[in-house]
Amino acid sequence: MVSSTKDDKQPPRAPLEMQHHESPQRPIWQLIMVSAIAAGVQFGWALQLSLLTPYVQLLGVPHAWSSFIWLCGPISGMIVQPVVGYYSDRCTSRFGRRRPFIAGGALLVAIAVFLIGYAADIGVSAGDKLGAPTKPRAVAIFVVGFWILDVANNTLQGPCRALLADLSGSNSSKIRTGNAMFAFFMGVGNVLGYAAGSYTHLYQIVPFTKTAACDVYCANLKTCFFISIALLVSITVLALATVSEDVFVPEAVDKSNGKQMVFFGEMLGALKEMSRPMWILLMVTCLNWVAWFPFFLFDTDWMGKEVYGGEVGTGPAGQMYNRGVRAGALGLLINSVVSGLSSLCIEHLARWVGGVKRLWGGVNFLLAVCLAMTVLVTKMAESERQFTTLPDGTTTPLPPNAGIKGGALSIFAVLGAPLAVTFSVPCALASIFSNDSGAGQGLSLGVLNLAIVIPQMVVSVLSGPWDALFGGGNLPAFVVGAVAAAISGIFAFTMLPSPPPDVVLSKVSGGGMH
């Protein structure tokens, strides 16, 4: 483990280590202001999840491109967050270390959302034909905008969480509180995003959004994105105007080694020099996301296929599938409400169960149970499914009864609590372990992000073939997720070290705070 003691003639730091010129701890309202930025970011994410898939079909995106488009999130997260974290640790701007990156990320989000919303209009202006099944120019604009949006979101979130740790000083309790507030506002953003996306007449507020190239659905998406931009920019400007940062003054460094491999050399060094607690944290986080990502990918598809018995396409089976997807969207809305409320209770729950590691381990077991329960709900839906015969002789399934639908929605609701902990505790522990080892907050959170995005990429690539081995459907991936969640819970209980006590760690960063 990297030593946290310091003296005037210390040997050169290991690559993961970073000096901290801390300010005194800030009042809690400043943590709330910074955390509120998450609501603007998550509002846009919720719109992506609920509205962009049909929009992609409207533009005629080829099926072969779909996986390429949706992989951009994990890929950009794997590259952008560590890079942004590294340079935000060393930024000497007069505006502070984190605030320039937060402002730049918000600006990029606004540009990306504009490109996505106006992709159809720009495509027609550039030569796409109205009514054509595929609009290649619009698709190109959309893909560029989508990639920029993922880069922008990763540019925003890493420095936001790092700023929360900076404002908390070395108080581990305050770091956890800041990350819990961040998770709470993520829940708020999700609720607002899903609610806005479900209201089909929102475009009437700005009727100019409906054009020859952009139908009612497209205009509604465009309006939602306008609201997203306004919300994010307003919150970001208010937060950056009211929460100041001290100018970072780096210690003298030896320039004899030149600047080659600066970032990648430190990133490699970060992985080599990580303390044992950070390695265990990465392992538990990785398994945790192997469990979560199948559900994120296929939750509404599970409702449409397994619970409602529909099929993707047109006709009665397609209509039943769409009803299931809408029911899944309702489940996501309920999930977001529960997640937001649970975020406010994380600190109290951690004390009640005996620490954050026990809380995280416990909710991982709850996640495993919920994913396993999808098998039971599916089997019950299949056994009790009823069919009707249409006048043309076509047999179509009827919606599930209230008990089965309620059971499925209950899974969405209960998963809100583990989700709140997932969005809060790992980042808080990374910040605390980072303080204890003298590591830079930005780079440490960037390294943690690798344990989140790599499982996403693996699941994205392998879940489809894995499900196909067992005859299709979503249950095989959910079962793997349940097993991974259980293993993650076991490792959290048995191997993850407890964070420092809820007091200021005077040994950190060369001096104690009050």
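Residues numbered from 1 in each chain as written. Predicted model: local features only at pLDDT ≥ 70, side-chain atom pairs only at ≥ 80, totals over all residues. Heavy atoms only, no water.

The name an unreviewed UniProt entry gives the protein chain is Sucrose transporter, with Lactuca sativa as the organism. Within the UniProt record for the protein chain, the comment given under Subcellular location (unreviewed entry) is "Membrane". Here the protein chain is described in UniProt, under the heading Pathway (unreviewed entry), as follows: "Glycan biosynthesis; sucrose metabolism." (UniProt positions renumbered as here; feature names shortened; annotations may be inferred.)

**Student:** Please clarify how the environment of Leu 330 should be interpreted in this entry.
**Tutor:** Along the chain, the position of Leu 330 falls in helix α12 (residues 315–343). Residue classification places Leu 330 among the partly exposed positions, given a relative accessible area of 39%. For the pair Leu 330 and Phe 412, spaced 82 residues apart in sequence, the C-alpha to C-alpha distance is 9.1 Å. (Helix = DSSP H or I, 4+ residues; strand = E, 2+ residues; numbered from the N terminus. Buried < 20%, exposed > 50% of the residue type's maximum accessible area, 1.4 Å probe, protein only.)

**Student:** Sorry, what's going on with helix α5 (residues 99–117) here?
**Tutor:** Residues separated by three or four positions in an α-helix point in the same direction, a consequence of the helix having 3.6 residues per turn. Along its 19 residues, α5 runs 27 Å from first to last C-alpha, staying within 8% of the 27 Å computed at 1.5 Å per residue. Within the sequence span of α5, burial applies to Arg 99, Ile 102, Gly 105, Ala 106, Val 109, Ala 110, Ala 112, Val 113, Leu 115, Ile 116 and Gly 117. (Expected span 1.5 Å × (residues − 1).)

**Student:** Where do I start with the packing of aromatic side chains in this structure?
**Tutor:** Counted by the stated rule, this structure contains twelve aromatic pairs. In this structure an aromatic cluster arises from ring pairing among Phe 114, Tyr 118, Phe 208 and Phe 226. Residue placement shows Lys 222 over the ring face of Tyr 118; its charged tip is 4.2 Å from the ring centre. (Phe/Tyr/Trp six-rings, centres within 6.5 Å; stacked < 30°, edge-to-face > 60°. Lys NZ or Arg CZ within 6 Å of the ring centre and 35° of its normal.)

**Student:** Looking at this structure, I do not really get the pattern of salt bridges. What am I missing?
**Tutor:** Evaluation of the coordinates by the stated rule reveals nine salt bridges. The shortest N-O distance in the salt bridge between Arg 98 and Asp 89 comes to 2.9 Å. According to the relative accessible area criterion, Asp 89 is buried, its value standing at 1%. Ionic pairing is found between Asp 128 and Arg 137, a salt bridge with its closest N-O pair at 3.2 Å. Accessibility expressed as a relative area gives 7% for Asp 128, which makes it buried. Overlapping salt bridges bring together Asp 89, Arg 97, Arg 98 and Asp 166 as one network. (Salt bridge = Lys/Arg side-chain N within 4 Å of Asp/Glu carboxyl O.)

**Student:** I keep staring at the nonpolar core and nothing clicks. Help me out?
**Tutor:** As a rule of thumb, soluble globular proteins bury nonpolar side chains together. Ranked by size, the top nonpolar core spans 91 residues in total, and within it Ile 37, Tyr 55, Leu 59, Phe 142, Trp 302, Met 303 and Val 307 carry the most contacts. Top element by residues in this core is helix α7 (residues 136–167). It accounts for twelve residues. Residues in contact with Trp 302, not counting those within four places in the same chain, are Val 307, Thr 374, Val 377, Thr 378, Ala 408, Ile 411, Phe 412, Asn 474, Leu 475 and Phe 478. Counting 26 residues, the second largest nonpolar core, distinct from the first, contains Met 278, Leu 281, Leu 282 and Phe 433. (Core = buried A, V, L, I, M, F, W, Y, C linked by side-chain atoms within 4.5 Å. Contact = heavy atoms within 4.5 Å.)

**Student:** Any chance you could explain the side chain of Asp 166 here in plain terms?
**Tutor:** Note that Asp 166 resides in helix α7. A distance of 2.7 Å separates polar atoms of two side chains, one belonging to Asp 166 and the other to Arg 98. (Polar contact = N/O pair within 3.5 Å; in protein donor to acceptor, adjacent residues only side chain to side chain.)

**Student:** Whenever I open this one, the packing of helix α6 (residues 119–126) against α7 confuses me. Can you help?
**Tutor:** Any two packed helices are characterised by how steeply their axes cross, that is the angle between the axes, and by the distance between the axes. Close contact between α6 and α7 brings their axes to 7 Å; oriented N to C, the two are set at 135°. In this view, α6 runs oblique relative to α7, as classed from their interaxial angle. Crossing geometry of α6 relative to α7 is assigned as right-handed. Touching Ala 119, Ala 120, Ile 122, Gly 123 and Ala 126 of α6 are Arg 137, Ala 138, Ile 141 and Phe 142, all from α7. (Axes fitted to C-alpha atoms, helices over the stretch in contact; angles between N-to-C directions. Parallel < 35°, antiparallel > 145°, perpendicular 65-115°, else oblique. Left-handed = near helix turned anticlockwise from the far one by under 90°.)

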